[in-house]
Protein chains: 2
Amino acid sequence: MADPVFKRLALLGIGLIGSSVARIAKQRGDIAAEIVVNARTQKSLDRVMELGIADRVEIDPAMAVEGADCVMLCAPVGAFADLAARIGPHLAPGTVLTDVGSTKQSVIRDVGPLVPAGVHFVPAHPIAGTEYSGPDSGFVELFQGRWTLLTPIPGTDEEAVRKIEALWQRCGAQTERLEPAHHDRVLAIVSHLPHLIAFTICGTADDLADETRQEVINYAASGFRDFTRIAASDPVMWRDIFLNNREALLEMLQRFMEDAQAMARAVRWGDAAYIEDRVERGRKIRRSLIERKQA
Amino acid sequence: MADPVFKRLALLGIGLIGSSVARIAKQRGDIAAEIVVNARTQKSLDRVMELGIADRVEIDPAMAVEGADCVMLCAPVGAFADLAARIGPHLAPGTVLTDVGSTKQSVIRDVGPLVPAGVHFVPAHPIAGTEYSGPDSGFVELFQGRWTLLTPIPGTDEEAVRKIEALWQRCGAQTERLEPAHHDRVLAIVSHLPHLIAFTICGTADDLADETRQEVINYAASGFRDFTRIAASDPVMWRDIFLNNREALLEMLQRFMEDAQAMARAVRWGDAAYIEDRVERGRKIRRSLIERKQA
Ligand SMILES: NC(=O)c1ccc[n+]([C@@H]2O[C@H](COP(=O)([O-])OP(=O)(O)OC[C@H]3O[C@@H](n4cnc5c(N)ncnc54)[C@H](OP(=O)(O)O)[C@@H]3O)[C@@H](O)[C@H]2O)c1
Ligand SMILES: NC(=O)c1ccc[n+]([C@@H]2O[C@H](COP(=O)([O-])OP(=O)(O)OC[C@H]3O[C@@H](n4cnc5c(N)ncnc54)[C@H](OP(=O)(O)O)[C@@H]3O)[C@@H](O)[C@H]2O)c1
């Protein structure tokens, strides 16, 4: 077995993402020699010990990061500023501070200024997920064949970046480095906008008259079902993502609304060729996904 | 084995839906004693014979319905008027004419006037589907545990309606009778609008700059992937559905756009409570689906 990348990994937050990392690290042994876990509630920490996916749990984040050479923020992105303020003074020089947040400019804005000198901050985002949350929802295959995007700011210690790449590669992911603003635009279209739309259409359906709402549920088999699956995700996590990727999300939503208006117009005026063309694009993108094994 | 519901069932169109019905009818034997299949192309008919899911194939729809006591239209809804005109003169009195089209008011409008006296017209719609099409895509489990909605106009022969209900129940579906306009509204929100949105967002993504488009495909794992799956469906079928459920679809799209605008506003102004509330509704609807075993 290769040497572990880190001596002690502290995970702050242990939901779907954190507990998947913990499970993989426990199983492989070559990611960190020791795993310390912090969460907001004692209930989650008790569950972590029952599951046997940590060596130690700490309800105080400052205690959790003490002596760790890698600290990974795995809470909703809206909690990062507060967490960083609390752990900052307890991070030893040379520690690698990283995160798994779904937005990256906001994380650099919120966490960056609180990182002490000598601590290396490497923002990252594993592009993998399900609609489930909490310590029970994690599983070792989550990142297999998926991407983890790193968005280090220029001048970041190369060794620290390489270690976070090694960590994610050992989790089964491919890694790529991206400029933070570019990351946020791409994620706005592939993930944040689809979620916003799925939440919205569920709300639209929920607002229909009582009789129709029952039928929506009875006859959901076609199409709508997939939207509700996406929309079943954690409200706090998504609220934080939307508010922390505001600019890019609003831009993509604006483009989408214009396109939806154009579709409405085509339906109203019976422009069959336009409709077929838009539907064809969906198929084309789907085919590309299948070719790239992302479908 | 119970007596077959029909002596000779003619399927006009043999894609996902038609070929699923044919497979079930062949396997069970109690739906129709004989199955005759018609399609637009000889290629599909040849394939049907290879698959062994019909007793006989006919490239001329008029020949296919000759002597049939049940005729089921399984082509895209835009083709129904033409098909009905061609087969009308060849339908024997007492024949039950039915369809599987995803829109019902348009079918009644297009087919109704072409039904000869003494022929019983029973519009129906199985609420089940996948994104695949063609004679190879059908399978016997497709309708299992799903609903088939019947929208007969008042005064339709009760015996004919019961036979179509029996047919679908033997296909594994539950049946329900609905008023055609009500059907079209419910389907607009559970199926037609979700598909229109999925096609649209794929188009929006496809319009992004070249570099971003590649990344859309690379990082599609979260959220977007489900939209592309929905958007992979047949363009002609969906074009026909949109154009034939125009009013209800435009109404639902209008409601959705207003709700999306409200979400955009909440994101812009940081209205966390509003966003959380909308996300919660998604979860609530999802939970109802799971309780009703439609998830
Ligand atoms: N889920 C996805 O699809 C996905 C994909 C990629 C990246 N991400 C990102 O990964 C992060 C975690 O997501 P997840 O799905 O793993 O979340 P999750 O399952 O909801 O778990 C969140 C964890 O963070 C803790 N936490 C919540 N609020 C906190 C606070 N204010 N301060 C400290 N800890 C807090 C929770 O503690 P308790 O259990 O004690 O409440 C829990 O352990 C988010 O930043 C998200 O953007 C998610
Ligand atoms: N797919 C779904 O999810 C779903 C669910 C419920 C209801 N429906 C409804 O079921 C019907 C069929 O859908 P499907 O998915 O089974 O379609 P499909 O797989 O695309 O098959 C369509 C069939 O109709 C034939 N056809 C096409 N255009 C025709 C024309 N102009 N005249 C005569 N025949 C023609 C095709 O013949 P060739 O093979 O020779 O081209 C093919 O056999 C549609 O009305 C649809 O609205 C679909």
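Predicted model only: the values in this text are computed from it and were never measured. (Residues numbered from 1 in each chain as written. Chains lettered and ligands numbered in written order. Predicted model: local features only at pLDDT ≥ 70, side-chain atom pairs only at ≥ 80, totals over all residues. Heavy atoms only, no water.)

Draft legend 1. Molecular detail of the interface of chain B and chain A. Contact with chain B, which involves 91 residues of that partner, is made by 91 residues of chain A. Of the roughly 9100 Å² buried between chain B and chain A, counting both surfaces, carbon and sulfur atoms make up 67%. One can count 35 residue pairs in polar contact (both at pLDDT 80 or more) joining chain B with chain A. Within the residue set of the side of chain B that touches chain A, elements represented by two or more residues are strand S8 (147–150), helix H7 (180–206), helix H8 (210–218), helix H9 (224–230), helix H10 (235–244), helix H11 (246–269) and helix H12 (272–291) of chain B. Residue contributions to the side of chain B that touches chain A peak at 18 residues, all from H7 of chain B. Per-class residue counts for the side of chain B that touches chain A are 48 nonpolar, 19 polar and 24 charged. (Contact = heavy atoms within 4.5 Å. Buried area = accessible area lost by both parts, 1.4 Å probe. Polar contact = N/O pair within 3.5 Å; in protein donor to acceptor, adjacent residues only side chain to side chain. Helix = DSSP H or I, 4+ residues; strand = E, 2+ residues; numbered from the N terminus. Nonpolar A, V, L, I, M, F, W, Y, C, P; charged D, E, K, R; others polar.)

Draft legend 2. Summary view of the site of ligand 2. All names here are of chain B. Near ligand 2, the surroundings consist of 26 residues, among which Arg-40, Thr-41, Ser-44, Ala-75 and Ser-102 are the closest. For ligand 2, an oxygen atom lies 2.7 Å from a polar atom in the side chain of Ser-102. In this structure, Gly-134 approaches ligand 2 through a main-chain N or O atom, which is 2.8 Å from an oxygen atom. Compared with its free state, where it exposes 900 Å², ligand 2 has 88% of that area covered by protein. (Near = heavy atom within 4 Å. Areas by Shrake-Rupley, 256 points an atom, 1.4 Å probe, with all protein chains shown as cover.)

Draft legend 3. View of the site of ligand 1. All names here are of chain A. The environment of ligand 1 is formed by 27 residues, the closest being Arg-40, Thr-41, Ser-44, Ala-75 and Ser-102. Take Ser-44: an N or O atom from its side chain is 2.5 Å from an oxygen atom of ligand 1. In the complex, 87% of the free accessible area of ligand 1, which totals 900 Å², lies under the protein chains. Among the secondary structure elements, those contributing two or more residues to the shell around ligand 1 are helix H1 (16–28), strand S7 (124–127) and helix H10 (235–244). Of the residues assigned to the shell around ligand 1, the class counts are 14 nonpolar, 11 polar and 2 charged. Residue assignment places the shell around ligand 1 across two domains, with domain 1 (6–178) and domain 2 (182–291) each supplying three or more. (Domains from an automatic or database assignment.)

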